[in-house]
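So the chains spell out like this:
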Amino acid sequence: MSESPANIHPTFQRLQSRESKERLIGQSGLVIWLFGLSGAGKSTIAEGLEKRLHAEGRLTQLLDGDNIRAGLNRNLGFSDADREENIRRIAEVAKLHAQVGVVTLVSFITPKRHFRQNARAIIGADDYFEVYVHCRFETCESRDVKGLYAKAKRGEIPQFTGRDSAFETPDASAPADLVLETDEETAEASVHRLHQAILTRIRFPKTHHA
Ligand code: ADP
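Here the structure is a predicted model, which means the values were calculated and not measured. (Residues numbered from 1 in each chain as written. Predicted model: local features only at pLDDT ≥ 70, side-chain atom pairs only at ≥ 80, totals over all residues. Heavy atoms only, no water.)

**A short note on the sheet that holds strand S5 (residues 178-181)**
Note the following rule: One bridge is not enough; two strands pair if DSSP finds at least two bridges between them. Secondary structure elements follow DSSP: runs of H or I of four or more residues count as helices, runs of E of two or more count as strands, with numbering from the N terminus. All axes are obtained by fitting lines to C-alpha atoms, using only the stretch in contact for helices, and the reported angles, taken between N-to-C directions, cover 0 to 180 degrees.
Taken in spatial order, the five strands line up as S2-S3-S1-S4-S5 in an open sheet, and their pairing is parallel. Two strands in the sheet have a free side with no partner beyond their single neighbour: strand S2 (60-64) and S5. The sheet shows a mean angle of 20° between the axes of neighbouring strands, direction not considered. Taken together, the five bridges between S2 and strand S3 (residues 103-107) define a ladder with parallel strand orientation.

This is the structure:
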């Protein structure tokens, strides 16, 4: 048996196509990428949507920033380079899920425009739905779900996003697919709006959007 590269046929994965896997579970893969300040509502909305989709018989996966940082990305910190690598890896993992038809919810601050552009480029525009979970800094600070804003105020968290490290809002050249105003609506309303927005995108067979 020869070990020549000429005799290697790296096409075996294609024997089971993405389409046949999607047909098996009756849905089309999609990555729903939620981004915004800490405390804006990303996890709450992702968890609420996952619960709803699961109850409807959809296969889902939720990739949460803190969980991924505790495992796969535990060697990464919060420098710009590490934040970029954090996003790159999670985009690759999300893509693997979408390619087998899983509705994949990603909840990461994703503070820089070029991080989001990278995620879109890695995942592919057809499989990527970007959601800006928008909430004023002051509201996030007053919610202080994890006590991080108080710690940051005491100078205990270097490079805290929105305070010491910039959060870049989407601009006209790279608009989000959906903006949820969590200052102004309940979590249930945000989940409902997101659910409505993605329903046609997870249908099988996939209906191509404009
Ligand atoms: P993040 O994951 O963005 O850090 P969390 O989901 O952990 O934020 O916390 C958001 C907090 O804001 C929760 O206590 C949630 O109940 C509250 N909240 C109020 N309105 C909304 C909304 N419309 N969507 C999501 N969360 C909301």
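Now that the structure is up, let's keep going.
**Details of the side chain of Lys-42**
Basically, it comes down to this: Per-residue accessibility, obtained with a 1.4 Å probe over protein chains only, is compared with the maximum for each type, and a residue is labelled buried under 20%, exposed over 50%, and partly exposed between these values. Lys and Arg are tallied as positive, Asp and Glu as negative. Neither His nor the chain termini are counted. Think of a salt bridge as a Lys or Arg side-chain nitrogen and an Asp or Glu carboxyl oxygen that are within 4 Å of each other. Pairing of N or O atoms within 3.5 Å defines a polar contact, subject to two protein rules: one partner must be a possible hydrogen donor and the other a possible acceptor, and residues neighboring in sequence count only if both atoms are side-chain atoms. When checking whether two residues touch, look at their non-hydrogen atoms; a contact exists if any pair is within 4.5 Å.
Structurally, Lys-42 can be placed in helix H2 (residues 42-55). Although Lys-42 lies buried, it forms no salt bridge, and the closest oppositely charged side chain, Asp-64, sits 7.9 Å away as judged by the N-O distance. A distance of 2.9 Å separates the side chain of Lys-42 from the backbone oxygen of Gly-36, its partner in a polar contact. Only 2.8 Å separates the side chain of Lys-42 from the backbone oxygen of Leu-37, close enough to count as a polar contact. In this structure Lys-42 touches Leu-34, Phe-35, Gly-36, Leu-37, Ser-107, Phe-108, Ile-109 and Val-133, once residues within four positions along its chain are discounted.

**Some thoughts on the pattern of salt bridges**
According to the stated counting rule, one finds 14 salt bridges in the structure shown. Salt-bridge contacts for Glu-85 lead to Arg-89; the nearest nitrogen and oxygen are separated by 2.8 Å. Taken together, the positions of Glu-85 and Arg-89, both in helix H4 (residues 80-98) and four residues apart, correspond to about one turn of that helix. Counted as one network, the salt bridges with shared partners bring together Arg-18, Glu-22 and Asp-127.

**Some remarks on H4**
To keep it simple, the criterion reads: The length a helix should cover is 1.5 Å for every residue beyond the first. Directions drawn from the helix axis to the C-beta atoms are what define this arc.
Between its terminal C-alpha atoms H4 stretches 27 Å, which fits the 27 Å expected from 19 residues at 1.5 Å a residue. Of all the residues in H4, the buried ones are Arg-83, Asn-86, Ile-87, Ile-90, Ala-91, Ala-94 and Ala-98. Around the axis of H4, the buried residues are gathered within 130° of arc, so they sit on the same side. In H4, the exposed positions that point more than 90 degrees away from the buried face belong to Ala-81 and Leu-96. Taken together, the buried residues of H4 touch helix H1 (18-25), strand S1 (30-35), S2, helix H3 (65-70), S3 and helix H5 (113-123).

**Some words on the pairing of strand S4 (residues 128-134)**
Burial within S4 is extensive, with six of its seven residues counted as buried. Of the strand pairs in this sheet, S4 and S5 are connected by four bridges, and their pairing is parallel. Paired with His-134 across the strands is Glu-181, a residue of S5.

**Description of the site of the ligand**
How we decide: What makes a residue near a molecule or strand is one non-hydrogen atom of that residue sitting within 4 Å of it. Computed by Shrake-Rupley with a 1.4 Å probe, the accessible areas treat only the displayed protein chains as cover when residues are assessed. Both cavities and pockets are sets of points on a 1 Å grid over the protein atoms alone; in a cavity a 1.4 Å probe fits but cannot get out, in a pocket the set is open with protein on both sides within 12 Å along at least five of seven lines, and lining residues sit with an atom within 4 Å of a point. Each molecule is checked against the cavity or pocket grid, and it sits inside if more than half of its atoms lie within 2 Å of the grid points. Amino acid classes used here: Ala, Val, Leu, Ile, Met, Phe, Trp, Tyr, Cys and Pro are nonpolar; Asp, Glu, Lys and Arg are charged; the rest, including Gly, are polar.
Taken together, 17 residues lie near the ligand, and Gly-39, Lys-42, Ser-43, Thr-44 and Glu-185 sit nearest. One nitrogen or oxygen atom from the side chain of Lys-42 is found 2.8 Å from an oxygen atom belonging to the ligand. Ala-187 has a polar backbone atom sitting 3.3 Å from a nitrogen atom of the ligand. Considered on its own, the ligand offers 570 Å² of accessible surface; in the complex 80% of this is hidden by protein. Here the ligand occupies the largest pocket. Residue assignment for the shell around the ligand shows that the elements contributing at least two residues are H2 and helix H8 (187-198). For the shell around the ligand, the element with the most residues is H2, which contributes four residues. Of the residues assigned to the shell around the ligand, the class counts are five nonpolar, eight polar and four charged.

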